[in-house]
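Chain by chain, the residues:
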Amino acid sequence: RVGTSGDVNGEESQSGRSFRGSFSANRTTDAWRLSFAGGANYRDSKFLIDEEDGTQTTILSVNRNINADGTVIKSLTPHWSFGVLGQGSSETFRNFALRTRIGSGLEYDIFPYSESTRRLITINYTLGHDYHRYREVTIYGETSEQLVDHRLEGGVNVRQPWGSISAVSGFSQYLTDPSKYSLNTFGGANIRVFKGFSVSVFGEFSRTRDQIYLPRGLASTEEILLRQRQLATGYQYFVNFGVSYSFGSIFNNIVNPRFGGVNFDF
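Only a predicted model underlies this, so the values are computations on that prediction, with no experimental measurement involved.

Chemist: Describe the overall build of the protein, listing the residues and the values that go with them.
Modeler: Helix and strand counts for the protein come out as one helix and 12 strands. For the protein, the succession of helices and strands along the chain, N to C, is β-β-β-β-β-β-β-β-β-β-β-α-β. Taking 2.2 N^0.38 as the reference for a compact globule, 266 residues should give roughly 18 Å; the C-alpha atoms of the protein span a radius of gyration of 23 Å, well beyond that estimate. Summarising its shape, the C-alpha atoms of the protein cover approximately 65 × 65 × 35 Å along the three principal directions. For the protein, buried positions account for 24% of its 266 residues. Residue pairs in contact within the protein that sit at least 24 positions apart in sequence constitute 50% of those at least 6 positions apart. Accessible surface for the protein amounts to roughly 18200 Å². Of this, 58% is attributable to carbon and sulfur atoms. Of the side chains in the protein, 27 bear a positive and 26 a negative charge, and the two mean positions are spaced by 9 Å.

Chemist: Give a description of unusual backbone geometry that names residues and reports values.
Modeler: Phi angles above zero are rare outside glycine, and Asn95 is one such case at about 70 degrees. Locating Asn95 in the fold gives a position in the loop between strand S5 (80–91) and strand S6 (96–109). With a phi angle near 55 degrees, Arg227 is a residue other than glycine that sits in the positive phi range. Looking at where Arg227 falls in the secondary structure, it is placed in the loop between helix H1 (221–225) and strand S12 (235–245). Relative accessible area serves as the criterion here: at 49%, Arg227 is assigned to the partly exposed category.

Chemist: Account for the packing of aromatic side chains, naming residues and giving values.
Modeler: Counting across every chain of the model gives 12 aromatic pairs. For the pair Phe194 and Phe197, a centre-to-centre distance of 5.0 Å together with 10 degrees between the ring planes defines the contact as stacked. Classification of Phe194 as partly exposed rests on a relative accessible area of 47%. A relative accessible area of 22% means that Phe197 is categorised as partly exposed. Across the ring face of Trp32, the terminal group of Lys74 is positioned such that the distance to the ring centre comes to 5.5 Å.

Chemist: Please give an account of the layout of surface pockets that cites residues and values.
Modeler: Left-over empty space is what a probe sized like a water molecule reveals as it rolls over the atoms. If you add up the space inside the second largest pocket, you get close to 170 Å³. Contributing to the lining of the second largest pocket are Val62, Arg64, Thr92, Phe93, Asn95, Arg135, Glu136, Pro215, Glu223, Gln228 and Arg229. Here the lining of the second largest pocket is built from residues that sort into three nonpolar, three polar and five charged.

Chemist: Tell me about the pairing of strand S9 (residues 163–174), and name the residues and values.
Modeler: Bridging between strand S8 (residues 144–160) and S9 involves 12 bridges; their strand directions are antiparallel. Following the sheet pairing, Gly154 is matched in S9 by Ser169. With antiparallel pairing between neighbouring strands as the criterion, S8 and S9 make up a hairpin whose turn holds two residues. For S9 and strand S10 (residues 181–194), the ladder comprises 11 bridges, and the chain directions are antiparallel. Residue pairing in the sheet places Ser172 in a bridge with Ser182 of S10.

Chemist: I'd like to hear about the sheet that holds strand S7 (residues 119–134), residue by residue, with values.
Modeler: Pairing in this open sheet of 12 strands is antiparallel, and the strands run S1-S2-S3-S4-S5-S6-S7-S8-S9-S10-S11-S12 from one edge to the other. Edge positions in the open sheet fall to strand S1 (2–10) and S12, since each of these has one partner strand only. Averaged over all adjacent pairs, the angle separating strand axes in this sheet is 10 degrees, with direction ignored. Note that strand S4 (residues 56–75) and S5 share 11 bridges and pair antiparallel. The partner of Asn67 across the bridge, within S5, is Ser89.

Chemist: So what's going on with the pattern of salt bridges? Which residues, and what values?
Modeler: A full pass over the atoms with the stated rule returns nine salt bridges. When the shortest N-O distance is used, the salt bridge between Arg20 and Asp7 registers 3.4 Å. Remark: Asp7 occurs in strand S1 and Arg20 occurs in strand S2 (residues 14–28); sequence separation between them is 13 residues. Exposure remark for Asp7: the relative accessible area of 33% places this residue in the partly exposed category. Through salt bridges with shared partners, a single network forms among Arg101, Asp149 and Arg151.

Chemist: Talk me through a negative patch on the surface; I want residue IDs and the actual numbers.
Modeler: Side chains of Glu11, Glu12, Asp50, Glu51, Glu52 and Asp53 sit close together on the surface and give a patch of like negative charge. Within the secondary structure, Asp50 sits in strand S3 (residues 32–50).

Chemist: Residues and numbers for the side chain of Asp210, please.
Modeler: Tracing the sequence through the fold places Asp210 in the loop between strand S11 (197–208) and H1. When near neighbours in sequence (up to four residues on either side) are disregarded, Asp210 contacts Ser172, Tyr174, Lys180, Tyr181 and Ser182.

Definitions and limits used
Residues numbered from 1 in each chain as written. Predicted model: local features only at pLDDT ≥ 70, side-chain atom pairs only at ≥ 80, totals over all residues. Heavy atoms only, no water. Helix = DSSP H or I, 4+ residues; strand = E, 2+ residues; numbered from the N terminus. Rg over C-alpha atoms; globule rule 2.2 N^0.38 Å. Buried < 20%, exposed > 50% of the residue type's maximum accessible area, 1.4 Å probe, protein only. Contact = heavy atoms within 4.5 Å. Areas by Shrake-Rupley, 256 points an atom, 1.4 Å probe, with all protein chains shown as cover. Lys, Arg positive; Asp, Glu negative; His and termini not counted. Charge placed at Lys NZ, Arg CZ, Asp CG, Glu CD. Phe/Tyr/Trp six-rings, centres within 6.5 Å; stacked < 30°, edge-to-face > 60°. Lys NZ or Arg CZ within 6 Å of the ring centre and 35° of its normal. 1 Å grid on protein atoms, 1.4 Å probe; cavity = no way out; pocket = protein on both sides within 12 Å on 5 of 7 lines; lining within 4 Å. Points joined across faces, edges and corners; volume = space filled by probe spheres on them. Nonpolar A, V, L, I, M, F, W, Y, C, P; charged D, E, K, R; others polar. Pairing = 2+ DSSP bridges. Axes fitted to C-alpha atoms, helices over the stretch in contact; angles between N-to-C directions. Salt bridge = Lys/Arg side-chain N within 4 Å of Asp/Glu carboxyl O. Patch = residues over 30% accessible without salt bridge, like charges linked within 9 Å, V, L, I, M, F, W, Y side chains within 5 Å.

Written out as structure tokens, the structure reads:
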């Protein structure tokens, strides 16, 4: 699969544009799972600011990122699998000119993988080699470095007539500098309380102690407000929730577009 898209927007004092492209290739059998994907994203925004002396100042915000990843998984038993994973990226927001990771590891599923459409409880461990080349000198005085890391991750996914629940928790640490680590948890649920009425919630939280990529020096006001670069932080979180209720018949074979305007189905 290959795809691309873009958009342009503007008004008198500001304008913006973005372009995106992506590709993916997958092959799945009982014995193997092969997955390769990549994408690129470019976004810029321009703002015209009126100054007190009557002049105008132009502020340009640009964000670019490119990423690619590949996964090769071999089934060993109904509960065990072995995987080789590769990742590469470049992004302005996190100061990476180039970031790569190659790792491998094992995963164990409490239930047989054949039941994964209904229930899945897994734990996996990978050991990897990282290469970082930075756009700007980091807070640790590095322009590039090679690291070794390990990651432990557990996941739960349950689908039942009453709804679905998914959650993943992970721990990662640089073995070349054990004081640099991160913890993250995210999950969501969609519960059907009764016919037509459902409740959904999604949230994530991370404890961050591995921001070795941060550029040296203070961020400018424009960089902070326009989110042009990652700031130092000890944690991040996000929560989303919703309630929906639907009733009546889902069957309708009458088409009546009066006063409905034109529908754009893209």
